[in-house]
Amino acid sequence: MVKQTIQIFARVKPTARKQQQGIYSIDEDEKLITSLEIILPRDLADGFVNNKRESYKFKFQRIFDQDANQEAIFENIAKPVAESVLAGYNGTIFAYGQTGSGKTFTITGGAERYSDRGIIPRTLSYIFEQLQKDTSKLYTTHISYLEIYNECGYDLLDPRHEASSLEDLPKVTILEDPDQNIHLKNLSLHQATTEEEALNLLFLGDTNRMIAETPMNQASTRSHCIFTIHLSSKEPGSATVRHAKLHLVDLAGSERVAKTGVGGQLLTEAKYINLSLHYLEQVIIALSEKHRSHIPYRNSMMTSVLRDSLGGNCMTTMIATLSVEKRNIDESISTCRFAQRVALIKNEAVLNEEIDPRLMIIRLQKEIQELKDELAIVTGEQRTEALTEAELLQLEKLITSFLEDQDPESTLEVGADMRKIHHCFHHLKKLLNDKKIHERSTVSSEIKDQVCQEPLKEEEYKKLRDILQQRDNEINILVSMLKKEKKKAQDALHLSSVGRNGGGHSQSSPLPPGNPEGPTLSSASTLVQDSSTFGYRSTLPQRKTGMRQEMSLGRQEAFEIFKRDHADSVTIEDNKQILKQRFSEAKALGETINEARSKIGRLKEEITQRHLQQAALGLSENMAEPSSAPDLLEETLRSQLEEEKRRYKTMFTRLKALKVEIEHLQLLMDKAKVKLQKEFEAWWAEEATSLQVNAPAVKCLSRMKPFPHTPESQHERPPLLSNKSDVTTRKIPPSSCPIRHSQEQNRASASLDDSLLERTTSSIPLTGDSQTDSDILAFIKARQSILQKKCFQ
């Protein structure tokens, strides 16, 4: 049992703009206890008589200033907790602070750089690395991800999240057994055998979280999330199993509604967040007070789930995230006060060991049977019933394994049952008799083979002679056929030379003399050309239809422009370049590792050859004892071998680290692509809505110059013209006044119309459908004619 208080740490968020000096300071005393002092200068506007406190001082285990990186946070806070979980103790790490103070960045991490990984991915990497090193135990790892949104629990790893709305998903409910242990219904456990599977589950859960934009934070998490790692370990052959779980909690940030001024759904979410954090503080206050009989765990779902983490069987760590901007000083002081109350709570962590019930049942059954056998021998009780078929088969298997065992000290254990002992002796006697009969039949068959050996030889000679004669006949036939074919070829060559000397074509030739084989070749080429053209024409509509079903050409072009102008495009390109560099580095490292492996094998062969040479030299010189002088060549080879092994291990470790980094970069890129797609879909929906609003202007234009419409063309036109002609279309005002033109203006307008139409048509991507393309061109021509008429007014 380990008794300790909850460890508290503080992390200061870097400020967006330069702050005035003297707002806070970090000090360290002789006992290596760091303290944070927040200074609030008096405001002269409150008058000369002002009794407000000017400084607040709080003690923490350690304080991480604005320049602290994610690696330092993991090494000092999360790594000791992960080591205790591997040893069999429960652990919890939770971040607490106001909204926008960096809780999610600390727990989960940022999505832009690999170095911004938070506590969860680094802890997963560390745990799986330790499990791979420790081969003395069998480990099983399971992952669960719980979200508490508006005091309702949801499973973030439920595959129905994308297809269903939040209200249709099954809610996670709390059940309590007679021993007051908490069980969560409808929360799934997913087994993760590798680090990659665990990171995929984390990525899936983060995608399903509730995130909204608030005045305090652009991507504020509106729910509490608990990522839990369940770890089971067992030594081979042992009956004891160790269970441990690690809760990594990202709490939603508290916010003052009066300061932020939010309303609607955000206001409802803020109410539930502040209420659950209020219940958490009530539990903390009750635990810190002595002689308190009742702890209000059941007030909220979060405190019920974290019952063991708060004053129970767990090693708990808290991270207080602080924002030292002037407008957030009051909330930072409140967070520090909460942390000081948390530090008063004492937890009693116990090693979670239990005996495997299956092994215990098997052991007890075996012990009962042994006791029954001993009792039967002592009391002299004779069993008269016959052995069953299963018992007889089991005895025969035991006898077979006993006879096949080469160990002279092996024993045959059948218990104290005399029926089994008698059956074993009968079976051994039967096996011995069968072996004697088999030996006699083998000896008699050998004697018969020796007697029949002489006449069989003569028959074999005759058979071989007949086969040889048959092969000779086949060879003679093939030679004669070859001679005939050779003679035919010579005759044909002679006839062709005679024909050329005659100077003319044979009249019996079916082809015209001027163009031999001409029609045949041209028709063949025409057929090939027609078939290829038909194949191209047949595949072209299919390809275009498939692209249109997935995403139209205009929508694809809009997506490319949206992606190019997006804020995350630089980060995506940087991650692509880094991923490409890591791939090339891993490839080069793999080739170097293969070379090192082949070199190690070559050095081992050289050492073996050297040993053989030394042994042969000793035998040739009749040396009674081997020479004690060291072999310099062998020592050199061994030193080279050790050096290559060290180099191989170093490169292999680096390759494993590269693999982890590549997998994480791929996850970051997938996450960025999903975010980009969602934002593009939202922008596209807004553009479609605005197009419907501006529909009257388009109808007015269509009255001026009518052109045919079809339902398909009306359906497909907005996506095709959304990125190039929509802006121009919206700027055309409806005009109904009559316009007079002269003959010169008509002639100029016609030439201008044709040139503009050609230029615009070349820049508009067409669909391949004749009806749709004609609608597009007619609309462009009508628009340009109106613009041209306005120019000549």
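Remember, it's a predicted structure, so these values are computed and weren't measured experimentally.

The rules behind each value
Residues numbered from 1 in each chain as written. Predicted model: local features only at pLDDT ≥ 70, side-chain atom pairs only at ≥ 80, totals over all residues. Heavy atoms only, no water. Helix = DSSP H or I, 4+ residues; strand = E, 2+ residues; numbered from the N terminus. Buried < 20%, exposed > 50% of the residue type's maximum accessible area, 1.4 Å probe, protein only. Bend = angle between axes of the 7 residues up to and from the residue. pLDDT = per-residue confidence, 0-100. Contact = heavy atoms within 4.5 Å. Pairing = 2+ DSSP bridges. Axes fitted to C-alpha atoms, helices over the stretch in contact; angles between N-to-C directions. Salt bridge = Lys/Arg side-chain N within 4 Å of Asp/Glu carboxyl O. Parallel < 35°, antiparallel > 145°, perpendicular 65-115°, else oblique. Left-handed = near helix turned anticlockwise from the far one by under 90°. Nonpolar A, V, L, I, M, F, W, Y, C, P; charged D, E, K, R; others polar. Patch = residues over 30% accessible without salt bridge, like charges linked within 9 Å, V, L, I, M, F, W, Y side chains within 5 Å. Areas by Shrake-Rupley, 256 points an atom, 1.4 Å probe, with all protein chains shown as cover. Phe/Tyr/Trp six-rings, centres within 6.5 Å; stacked < 30°, edge-to-face > 60°. Polar contact = N/O pair within 3.5 Å; in protein donor to acceptor, adjacent residues only side chain to side chain.

This part is about the overall build of the protein. If you tally the helices and strands in the protein, you get 21 helices and 19 strands. For the protein, with 793 residues in total, the buried portion stands at 33%.

At Ala-78, helix 1 (residues 70–86) shows its maximal kink, close to 45 degrees; a proline, Pro-80, follows between one and four residues later. Gln-70, Ile-73, Phe-74, Ile-77, Ala-78, Val-81, Ala-82, Ser-84, Val-85 and Leu-86 are the residues of helix 1 that are buried. Directly after helix 1, the chain includes Gly-88, whose backbone phi takes a positive value near 115 degrees.

Time to look at the confidence of the model for the protein. Of all residues in the protein, 73% have pLDDT values of 70 or greater, and the mean over the chain is 75. Between residues 502–550, whose pLDDT stays under 50, and residues either more than four places distant or in other chains, the model counts twelve contacts. Across residues 697–753, confidence stays below pLDDT 50; counting only partners more than four residues off in sequence or on other chains, it has 75 contacts.

Looking now at the sheet that holds strand 4 (residues 34–39). Within the open sheet, the three strands sit side by side as 3-4-5. Their pairing is antiparallel. Among the strands making up the open sheet, the edge pair consists of strand 3 (24–28) and strand 5 (55–60). With strand direction ignored, the average angle separating the axes of adjacent strands in the sheet is 20 degrees. Pairing of strand 4 with strand 5, which is carried by six bridges, proceeds in the antiparallel orientation. When the bridges of strand 5 are listed, Leu-36 appears paired with Phe-58.

This paragraph deals with the pattern of salt bridges. Between side chains of opposite charge, pairing is possible as soon as their charged atoms come close. A full pass over the atoms with the stated rule returns 19 salt bridges. The partner of Arg-113 in a salt bridge is Asp-116, and the shortest N-O contact between them spans 3.3 Å. For Arg-113, a relative accessible area of 47% translates into the label partly exposed. With a shortest N-O distance of 2.8 Å, Arg-646 and Glu-643 are connected by a salt bridge. Highlighted residues: Arg-646 and Glu-643, both in helix 16 (residues 632–693), separated by three residues, approximately one helical turn. Among the residues examined, Arg-646 registers a relative accessible area of 48% and is labelled partly exposed. Looking at Glu-643, the relative accessible area reads 43%, which means it is partly exposed. Overlapping salt bridges, with partners in common, bring together Glu-176, Arg-298 and Arg-307 in one network.

So, on to the packing of helix 3 (residues 119–133) against helix 4 (residues 195–207). Across the interface, helix 3 lies against helix 4 with an axial gap of 10 Å and an inter-helix angle of 160 degrees. Between helix 3 and helix 4, the angle falls in the class roughly antiparallel. Of the two elements, helix 3 crosses helix 4, and the hand of that crossing is right-handed. Between helix 3 and helix 4, the contacting residues are Ile-120, Pro-121, Leu-124, Ser-125 and Phe-128 on the first element and Glu-195, Ala-198, Leu-199 and Leu-202 on the second. Here the contact of helix 3 with helix 4 is composed, by residue class, of seven nonpolar, one polar and one charged.

Moving on, we get to a nonpolar patch on the surface. Residues Tyr-461, Leu-464 and Ile-467 make up a contiguous nonpolar surface patch of about 320 Å² in total accessible area. Assignment of secondary structure puts Leu-464 in helix 12 (residues 453–502).

Here we take up the side chain of Thr-34. If you trace the backbone, Thr-34 turns up in strand 4. Excluding its chain neighbours within four sequence positions, the residues that come into contact with Thr-34 are Asp-27, Glu-28, Phe-58, Lys-59, Phe-60, Gln-61, Arg-62 and Ile-63.

Moving on, we come to the packing of aromatic side chains. Applying the stated criterion across every chain yields a total of five aromatic pairs. Ring geometry for Phe-74 versus Tyr-126: centroids 6.1 Å apart, planes at 70 degrees, classification edge-to-face. Of the two residues, Phe-74 sits in helix 1 while Tyr-126 sits in helix 3, which places them 52 residues apart along the sequence. Note on accessibility: Phe-74 and Tyr-126 belong to one class, buried. Ring centres 4.1 Å apart and planes at 20 degrees place the aromatic pair Tyr-96 and Phe-338 in the stacked group.

Its identity is not glycine, yet Asn-150 carries a phi of approximately 55 degrees, on the positive side. With respect to the helices and strands, Asn-150 occurs in the loop between strand 8 (138–149) and strand 9 (152–155).

In the contact formed by helix 6 (residues 265–288) and helix 8 (residues 329–342), the axes pass within 9 Å of each other and the chain directions differ by 40 degrees. In terms of axis orientation, helix 6 runs oblique to helix 8. Here helix 6 and helix 8 pass one another in a crossing that is left-handed. Along the contact surface, helix 6 presents Leu-280, Glu-281, Ile-284, Ile-285 and Ser-288, while helix 8 presents Phe-338, Arg-341 and Val-342. Residue composition of the contact of helix 6 with helix 8, grouped by class: five nonpolar, one polar and two charged.

This paragraph deals with the environment of Phe-105. Structurally, the position occupied by Phe-105 is in helix 2 (residues 103–107). The class for Phe-105 is partly exposed, based on a relative accessible area of 34%. Considered as a pair, Phe-105 and Asp-116 are eleven residues apart in the sequence and their alpha carbons are 8.1 Å apart. Filtering out sequence-adjacent residues up to four positions away, Phe-105 remains in contact with Arg-11, Gln-70, Gly-110, Asp-116 and Gly-118.

Both faces of the sheet carry side chains from a regular strand, because those side chains alternate between them. With eleven bridges joining them, strand 8 and strand 15 (residues 224–234) adopt antiparallel strand pairing. Bridge assignment links Glu-147 to a residue of strand 15, and that residue is Cys-225. The pairing of strand 8 with strand 12 (residues 190–191) spans two bridges and is antiparallel. In the sheet register, His-142 faces strand 12, and the bridge partner there is Gln-191. Where strand 8 meets strand 9, four bridges bridge the pair, whose relative direction is antiparallel. Bridging from a neighbouring strand, Glu-147 pairs with Tyr-154 of strand 9.

Further remarks concern the side chain of Thr-303. Its location among the elements puts Thr-303 in helix 7 (residues 301–305). Residue Thr-303 is classed as buried on the basis of its relative accessible area, which comes to 1%. Here Ser-300 takes part through its side chain, which lies 2.9 Å from a polar atom of the side chain of Thr-303. Contacts of Thr-303, omitting those with residues within four sequence positions, involve Tyr-279, Leu-280, Val-283, Pro-296 and Tyr-297.

This part takes up the environment of Ile-93. For Ile-93, the position within the fold is in strand 7 (residues 91–96). Taking C-alpha positions, Ile-93 is 6.2 Å from Val-249, a pair spaced 156 residues apart along the chain. Not counting residues up to four positions away in its chain, the partners in contact with Ile-93 are Ile-77, Ala-78, Val-81, Ile-119, His-247, Leu-248, Val-249, Thr-317 and Ile-319.

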